[in-house]
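Descriptive analysis of the structure
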Amino acid sequence: MMARLIALLAGLCLMTSAMSFFAAPSAASETPSIRLGYLDQPGSALCRIAAKRGHFREEGLRVELVAFPDSAKGLAALERCAIDAGAFAITDSLRAIAGGKGFRIIAGGGTPVSGDPLAELDDTLPAEIEGRAVVVLIAAGWPDTGKQTMIGLTAALIRAHRTRLLDLQSASAAPGSRLGNPLHFNPNPDYYRLERVWRVLGLQSIAMPRDFLANHVYEEIYCDALDRLLDSSADDPVFKKLSSQSVCTPDCCPVATGKKVPQNKTPGGKNQ
Amino acid sequence: MKRIIALTMFLSLLASAALAAALPKLRVGYVPEPAHGLYFLAKEKGYFKEEGVDVELFQFGSAAEGVAAVKAGKLDVGTFGTTAPLLFISKGSEFTFIGGMMVGGQAIITRPERLAELSGKDLKVYKGKKIGLVKLSTGDVIFRGALKKAGIDVKKDLTFVEFGTAAAVVEAVKKGAVDAGLVWPPHFSLAEKNHGLKVSHYIEEFYPDYTCCRIFAHTGKVNADPETYKKFLTALIRAYKFYKTNPDETVKVYTKALKIDEEIIRNETYVNKVADSNPDPLRKGILDFWQHILATGYVPQDYPVDKHINTVIYKQALDSVIKKNPKDKVYQQMLTFYKKNN
């Protein structure tokens, strides 16, 4: 029933989508164009930095930012495909996913930093704070062929995270600087953190398969984006640190001299 | 007379085609390593068909893609390391380990001028050194486990440098960016052959019979048709005997399937014996492996992975082979190995 609902939503989304890479490429430009919703608050800073500092362009994307006053309005727009992706609060996003909206989380954003020293003693309090953090979601109708665009979008947000850290370093080195630290940023979607919030909110129903949440957290995209950035900047300390914190499936076994797997075959490539 | 012969041939062809069509099918994913060779042998020698299962083999270059294919139902069996299926299980995927393929196989490589310094029978030679590795690869997880067993503090006594691929680890060792690197077959053989690097240790020396690639399947499929999976494992048990008793032909079959230098395959499989191929599930090894993953701190919460290990089907397959060959030494050794490790 849930699967049918998601399929129906995805179908509707595809029909009404304004996203140009869903449609046939126009003569004017082959560059994928995305409408990215964001919360008009500091937790969405990575989206704004990525736009302002040209990181989306660096990833070959045209991104139009659309501000929302709250997550409910943003998620409603994502559901009807008025936007293609959005950066909204974890709690609202997870509730929408539990309600069968079919969104998938591809990246993280800003998390409020608790000023309460007792917060760590209460298991539910960090989850409540984390619930107010921002994650980046894609619409249910995002096509499979749009995987590279998804990776590009995430890579741009990782670049924005790096830019923000470098800016902070420069600012803190300036004489007389007094920087507050109200938010912690991390572009990693971090399944285990989301699972903790999911559990505290009691969103797992008996009818859901055990991997329901995992099916809506697309960590592979984050890992691929990070790999791509490390391929071109292997010694970058920010990318290296993010890589050391991520839990990605290890590259287990490709053999340089081995038989290549044909890309056009499924499942992977028939050998014998 | 000629017509009768032709008709007989035609009918027997039809019969064998009908028989193949009637066999239950299994789509099996593997990665191109010599230690995955039991699949090639079982296919080449006709064991799968003789046991009553039609197996189609699919080669993958990435564990993530392979495990995703099993999850999506595009594969009926996967063989993609131990870490990847365990991570998916911990996140809710309904997978069950039913057997094994590769045991051991990880090695530490270094530059030839560093070999003397890093040799010896004690892991303490790596204290204070910088080791390159692929995070969460079998080598990473097991080496940390071996260091812990040897009383070495992995956080204080040495430095790990993470790379995205085994090729990048080899490159870092070659350039001297790290003192040594952890890689798997055939990367270290290729590093020795192509770049003059040397193997300083095989992890097996410090951690015998650790698990590498495990055979797993979707739990629903295993429960729905355990008989087909038993036939599949029976064929692999027979392939194991062939691999143990027919080295020359085995090397030829592996070389044909993998398109890797025959000498490398012979060295890894029979001369240096860097990895063993064994269809045993190694239940205790999987549980150890999970504990080592938890100890790395990458995964914040424990999960009862034991309920995702089915040793019964393998044991039934082994029993059926032993029943037909009660005095066979190889099968008896497999039974002893099973009792020790499950």
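Just so it is clear, the structure is predicted and the values come from calculations on it, not from any experiment.

A few words now on the overall build of chain A. A count of helices and strands for chain A gives ten helices and seven strands. Long-range pairs, those at least 24 residues apart, make up 77% of the contacts in chain A with a sequence separation of at least 6. As presented, chain A carries roughly 13,200 Å² of accessible surface, and 54% of it is formed by carbon and sulfur atoms.

We now examine the overall build of chain B. Counting secondary structure elements, chain B contains 16 helices and twelve strands. For chain B, the C-alpha radius of gyration of 21 Å lies close to 20 Å, the compact-globule estimate for 342 residues. Dimensions of chain B along its principal axes, counting C-alpha atoms only, are 80 × 40 × 40 Å. Burial status across chain B gives 58% buried among its 342 residues. Sequence separation of at least 24 residues holds for 78% of the intrachain contacts in chain B that already meet a minimum separation of 6. Within the structure as shown, chain B displays about 13,900 Å² of accessible surface, and the carbon and sulfur contribution to it stands at 55%.

Looking now at helix α16 (residues 329–341) of chain B. Residue and element names in this part refer to chain B. The terminal C-alpha atoms of α16 lie 18 Å apart, and with 13 residues this matches the ideal 18 Å at 1.5 Å per residue to within 8%. In this structure, the buried side of α16 is in contact with α11 (226–245), α14 (283–296) and α15 (312–324). Where α16 begins, the capping side chain belongs to Asp-328, and its oxygen is found 2.9 Å from the backbone nitrogen of Val-330.

Turning our eyes to something else, we now look at the pairing of strand β4 (residues 104–108) of chain A. Each regular strand shows side chains that alternate between the opposite faces of the sheet. All names here are of chain A. Most of β4 sits inside the fold, with five of its five residues counted as buried. Pairing analysis gives four bridges linking β4 to strand β6 (residues 134–138), with the strands arranged antiparallel. Along β6, the bridge assignment pairs Ile-105 with Leu-137.

As a further point, take the packing of α11 of chain B against α16 of chain B. Helix packing geometry: the angle between the two helix axes and the distance between the axes. Residue and element names in this part refer to chain B. Packing of α11 against α16 brings their axes to within 10 Å, and their N-to-C directions diverge by 115 degrees. Helix-helix and strand crossings are classified by hand; for α11 and α16 the assignment is right-handed. Contacts between α11 and α16 involve Ile-237, Arg-238, Tyr-240, Lys-241 and Thr-245 on the former and, on the latter, Val-330, Tyr-331 and Met-334. Classifying every residue of the contact of α11 with α16 by side-chain character gives five nonpolar, one polar and two charged.

Turning our attention to the state of the cysteines. Applying the stated rule across the entire model yields one disulfide over all chains. Paired through a disulfide, Cys-223 of chain A and Cys-248 of chain A show a sulfur-sulfur distance of 2.0 Å. The sign of the -90 degrees torsion about the S-S bond sets the Cys-223 of chain A-Cys-248 of chain A disulfide as left-handed. Placement of Cys-223 of chain A in helix α9 (residues 219–232) and of Cys-248 of chain A in the segment after α10 (237–245) is noted, with a sequence separation of 25 residues between them. Cys-212 of chain B takes part in no disulfide bond, and the closest cysteine sulfur to it belongs to Cys-213 of chain B, at a distance of 4.0 Å.

All names here are of chain B. If you trace the backbone, Gln-106 turns up in the loop between β5 (102–104) and β6 (107–110). On the basis of relative accessibility, which here comes to 2%, the residue Gln-106 falls in the buried class. Discounting chain neighbours no more than four positions away, the residues touching Gln-106 are Thr-138, Gly-139, Val-183, Trp-184, Tyr-202, Ile-203, Tyr-210 and Cys-212.

A word on the pairing of strand β1 (residues 33–39) of chain A. Residues and elements named next belong to chain A. The buried count for β1 comes to six of seven residues, which makes it a mostly enclosed element. Note: β1 against strand β2 (residues 62–68), seven bridges, orientation parallel. What sits directly across from Leu-36, in β2, is Leu-65. Sheet analysis places β1 next to strand β3 (residues 85–89), joined by three bridges and oriented parallel. Bridged to Leu-36 within β3 is Ala-85.

A few words now on the packing of aromatic side chains. Enumeration over the complete set of coordinates arrives at 20 aromatic pairs over all chains. Residues Tyr-191 of chain A and Tyr-192 of chain A carry aromatic rings whose centres are separated by 5.3 Å and whose planes lie at 80 degrees to one another, so their mutual orientation is edge-to-face. Of the two residues examined, Tyr-191 of chain A and Tyr-192 of chain A, each falls in the buried class. Taking 5.8 Å as the distance between ring centres and 70 degrees as the angle between the ring planes, the aromatic pair formed by Phe-188 of chain B and Tyr-202 of chain B counts as edge-to-face.

What follows deals with the sheet that holds strand β11 (residues 214–218) of chain B. All names here are of chain B. Pairing is mixed in the open sheet, where five strands are placed in the order β2-β1-β3-β11-β4. The open sheet is flanked by β2 (54–59) and β4 (95–100), the only strands paired with a single partner. Ignoring strand direction, the axes of neighbouring strands in this sheet form an average angle of 25 degrees. Bridge analysis of strand β3 (residues 77–79) against β11 gives two bridges, and the strand direction is antiparallel. Among the inter-strand pairings, Gly-78 is bridged to a residue of β11, identified as Phe-216. Packing of helix α4 (residues 63–71) onto the sheet brings it into contact with β3, β4 and β11, and relative to β11 it is tilted by some 35 degrees.

Backbone geometry places Asp-190 of chain A, a non-glycine residue, at a positive phi of 55 degrees. A relative accessible area of 28% means that Asp-190 of chain A is categorised as partly exposed. Even without glycine at this site, Asp-209 of chain B takes up a positive phi of about 55 degrees. Secondary-structure assignment places Asp-209 of chain B in the loop between β10 (198–202) and β11. Owing to a relative accessible area of 24%, Asp-209 of chain B belongs among the partly exposed residues under this scheme.

Looking now at the confidence of the model for chain A. All names here are of chain A. Residues at a pLDDT of 70 or more form 72% of chain A, whose mean pLDDT is 80. This model gives residues 22–28 a pLDDT under 50, and the stretch forms six contacts once residues within four places in sequence are excluded. Under a pLDDT of 50 for its full length, residues 254–272 has, in the predicted model, 47 contacts with residues more than four places off or in other chains.

Looking at chain B as a whole, the pLDDT averages 90, with 94% of positions reaching at least 70. Both scores are available for the predicted complex, with the pTM at 0.85 and the ipTM at 0.80.

Here is what the cut-offs are and how they apply
- Residues numbered from 1 in each chain as written.
- Chains lettered and ligands numbered in written order.
- Predicted model: local features only at pLDDT ≥ 70, side-chain atom pairs only at ≥ 80, totals over all residues.
- Heavy atoms only, no water.
- Helix = DSSP H or I, 4+ residues; strand = E, 2+ residues; numbered from the N terminus.
- Contact = heavy atoms within 4.5 Å.
- Areas by Shrake-Rupley, 256 points an atom, 1.4 Å probe, with all protein chains shown as cover.
- Rg over C-alpha atoms; globule rule 2.2 N^0.38 Å.
- Buried < 20%, exposed > 50% of the residue type's maximum accessible area, 1.4 Å probe, protein only.
- Expected span 1.5 Å × (residues − 1).
- Polar contact = N/O pair within 3.5 Å; in protein donor to acceptor, adjacent residues only side chain to side chain.
- Pairing = 2+ DSSP bridges.
- Axes fitted to C-alpha atoms, helices over the stretch in contact; angles between N-to-C directions.
- Left-handed = near helix turned anticlockwise from the far one by under 90°.
- Nonpolar A, V, L, I, M, F, W, Y, C, P; charged D, E, K, R; others polar.
- Disulfide = S-S within 2.5 Å.
- Phe/Tyr/Trp six-rings, centres within 6.5 Å; stacked < 30°, edge-to-face > 60°.
- pLDDT = per-residue confidence, 0-100.

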